[in-house]
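Report on the structure
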Amino acid sequence: MTTMERPGTDLGSEYNDLTERQREFVARAAAHADDFATRAAEHDREATYPFENIQKLHESGYMRMCLPEQFRGEDASVLELCLSQERLAQGCAATALAANMHAFFSGGASEAYRHGEKAVEMALMAIGHGGLTGGGAISEVESSDPFSFPAGRVERCDGGFRLNGRKVFGSNTPINPMVFFSGALEENGTKTVVMFQFPKETPGVKIIDDWDTMGMRGTGSFTVEFKECVVPEMFALQSWPYASGLEENDFSRTFLCWFAPSIAAVYTGIAVGARDYVRRSVGAKTRLPFGEVKHSPAIQYNIADMFIEVEAMRSFVRRTATRLSDDSFRGVDAVALAQGTQQFCTSTAVSVLDRALEVAGGGGYFKRTPLERMYRDVRAGKFHPLPHYDALELIGKSELGIPTSQDPRFL
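In this report, we go over the structure that sits alongside the text.

So, the overall build of the protein
A count of helical and extended segments in the protein gives 10 helices and nine strands. For a compact globule of 411 residues, the expected C-alpha radius of gyration is about 22 Å, and the protein comes in at 22 Å, within 12% of that figure. The buried share of the protein, reckoned over its 411 residues, is 56%. Long-range pairs, those at least 24 residues apart, make up 73% of the contacts in the protein between residues at least 6 apart in sequence. Per element, the accessible surface of the protein, about 17,900 Å² overall, is 54% carbon and sulfur. The distance from the centre of the 43 positive side-chain charges to the centre of the 54 negative ones in the protein is 5 Å.

Let's talk about the layout of surface pockets
The space that makes up the second largest pocket amounts to roughly 540 Å³. For the second largest pocket, the lining is made up of 30 residues, of which Asp34, Arg87, Gln90, Gly91 and Arg280 are closest to its centre. Looking at the lining of the second largest pocket, the elements with two or more residues in it are helix H1 (20–46), helix H3 (78–89), helix H6 (250–282) and helix H9 (370–377). For the lining of the second largest pocket, the leading source of residues is H6, giving seven residues.

Some details on the sheet that holds strand S4 (residues 190–199)
By way of backbone hydrogen bonds, the strands of a sheet pair with one another, either parallel or antiparallel. In space, the seven strands of this open sheet follow the order S5-S6-S2-S1-S3-S4-S7, with mixed pairing throughout. The open sheet is flanked by strand S5 (205–208) and strand S7 (236–241), the only strands paired with a single partner. Neighbour-to-neighbour, the strand axes of the sheet open up by a mean angle of 25 degrees, direction not taken into account.

Regarding the side chain of Glu80
For Glu80, the location among the structural elements is in helix H3. Looking at Glu80, the relative accessible area reads 8%, which means it is buried. Here Arg21 takes part through its side chain, which lies 2.6 Å from a polar atom of the side chain of Glu80. In this structure, Glu80 is in contact with Arg21, Gln22, Phe25 and Asp75, ignoring residues within four places of it in sequence.

What to know about empty space enclosed by the protein
This structure, assessed with the given rule, holds three cavities of 30 Å³ or more. The computed volume of the largest cavity comes to approximately 50 Å³. Taken together, Ala40, His43, Asp44, Cys92, Ala93, Ala94, Thr95, Arg217, Gly218, Arg373 and Asp377 make up the lining of the largest cavity. Elements with a minimum of two residues in the lining of the largest cavity: H1, helix H4 (93–114) and H9. For the lining of the largest cavity, a count of residues per class yields four nonpolar, three polar and four charged.

With respect to the environment of Thr133
Counting through the fold element by element, Thr133 comes out in the loop between helix H5 (121–130) and strand S1 (153–157). Counting along the chain gives 39 residues from Thr133 to Asn172, while the straight-line C-alpha distance between them is 7.3 Å. Discounting chain neighbours no more than four positions away, the residues touching Thr133 are Tyr49, Ile54, His58, Met63, His102, Asn172, Ile175 and Asn176. Engagement of the side chain of Thr133 in a polar contact is seen with the side chain of His58, the distance being 2.8 Å.

Quick look at the environment of Ala274
For Ala274, the position within the fold is in helix H6. A residue is classified by how much of its surface remains accessible, and Ala274, at 0% relative accessible area, is buried. Taking the C-alpha atoms as reference points, Ala274 and Val352, 78 residues apart in sequence, are found 7.7 Å from one another.

Describing the packing of H3 against H4
Between H3 and H4, whose axes approach to 8 Å, the crossing angle comes to 160 degrees. Compared by their axis directions, H3 and H4 come out roughly antiparallel. Note on element contacts: H4 touches H3 through Ala93, Ala96, Ala99, Asn100, Ala103 and Phe104, opposite Leu81, Gln85, Leu88 and Ala89. When grouped by side-chain class, the residues that make up the contact of H3 with H4 number eight nonpolar, two polar and no charged.

What counts and what doesn't
- Residues numbered from 1 in each chain as written.
- Predicted model: local features only at pLDDT ≥ 70, side-chain atom pairs only at ≥ 80, totals over all residues.
- Heavy atoms only, no water.
- Helix = DSSP H or I, 4+ residues; strand = E, 2+ residues; numbered from the N terminus.
- Rg over C-alpha atoms; globule rule 2.2 N^0.38 Å.
- Buried < 20%, exposed > 50% of the residue type's maximum accessible area, 1.4 Å probe, protein only.
- Contact = heavy atoms within 4.5 Å.
- Areas by Shrake-Rupley, 256 points an atom, 1.4 Å probe, with all protein chains shown as cover.
- Lys, Arg positive; Asp, Glu negative; His and termini not counted.
- Charge placed at Lys NZ, Arg CZ, Asp CG, Glu CD.
- 1 Å grid on protein atoms, 1.4 Å probe; cavity = no way out; pocket = protein on both sides within 12 Å on 5 of 7 lines; lining within 4 Å.
- Points joined across faces, edges and corners; volume = space filled by probe spheres on them.
- Pairing = 2+ DSSP bridges.
- Axes fitted to C-alpha atoms, helices over the stretch in contact; angles between N-to-C directions.
- Polar contact = N/O pair within 3.5 Å; in protein donor to acceptor, adjacent residues only side chain to side chain.
- Nonpolar A, V, L, I, M, F, W, Y, C, P; charged D, E, K, R; others polar.
- Parallel < 35°, antiparallel > 145°, perpendicular 65-115°, else oblique.

Following this line, the structure appears as structure tokens:
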């Protein structure tokens, strides 16, 4: 491993229970986080993509961590990724989220490759040996689940496939030379979902720089439009029956088991950073006629609630990530656990930030503090798939033994 631990870097007692290998992953993330924090406000203010941060993540090996050793990776587990991402998000949440859209894909693709899926080998080579930054637009405004019900259209044609559709939230689009597309192919009365990855310079691909948002402004999550876009068959990654349940879709289950806990880790990291910021700053504040603010019961109660919430988030992420690091655990129950972790942590992180701003008072409302940015960034957690009630449906069906493909969905 290429470690970036600086002389004197103290990870704190909260990491004492980690193995030496895990501490090395966290130490590298901590060094990056300290560096990225110095530029986070600028990228947020200007809504600029952090090219220099991503480059440094590549140079340290961070962006290769989940890859097999043959692709210059470190075979990082789901747990090792989550530990790293939680710490990275404490410095610059937008960079951590952008890195996550690369890392969960590289982790899921690496797992698929180890299980014999050769279609992802080109992508792993490009990341490990070519410094490719993964990511891309998969979500659609028309569909809550483009893996099962994509609105994009796929047709066979001379030269391969013709693609039409529009994808949103394309993280890392400014740096990623590739794009993703999932769409429905209808042949002989049967609909199939086909997933593609191909160069974004392909004719018919239009990148729309529309990322002007409340938070996570440095992720470069552009919209991508596909109009009469023809791609060769070699760029088709996977296919599965349209409207199939997770029971029949190994590909989706694998990637969701990497995506959900690492997303939870990012928003846990934002909450940890906010808790630490107000815990440090409140000690120096006074308010007449009460004296030191830290002696106020309201402050103590809010700090206590943040402590409980942060510990619960961390425990949930680490336990889930530990279980999901066993890649034989990939059934619908595994996805339900992953989604439960994501839903809990993204909601709880919002609660932590609400409390943090209350403790900080009016000063936290100014952009000169990182708390104001964290308060906005954490709101993005609620928009990652699966949407809240879709996730609850998945978890409920898993708990009750109901197939996710049941039609109609509610009898």
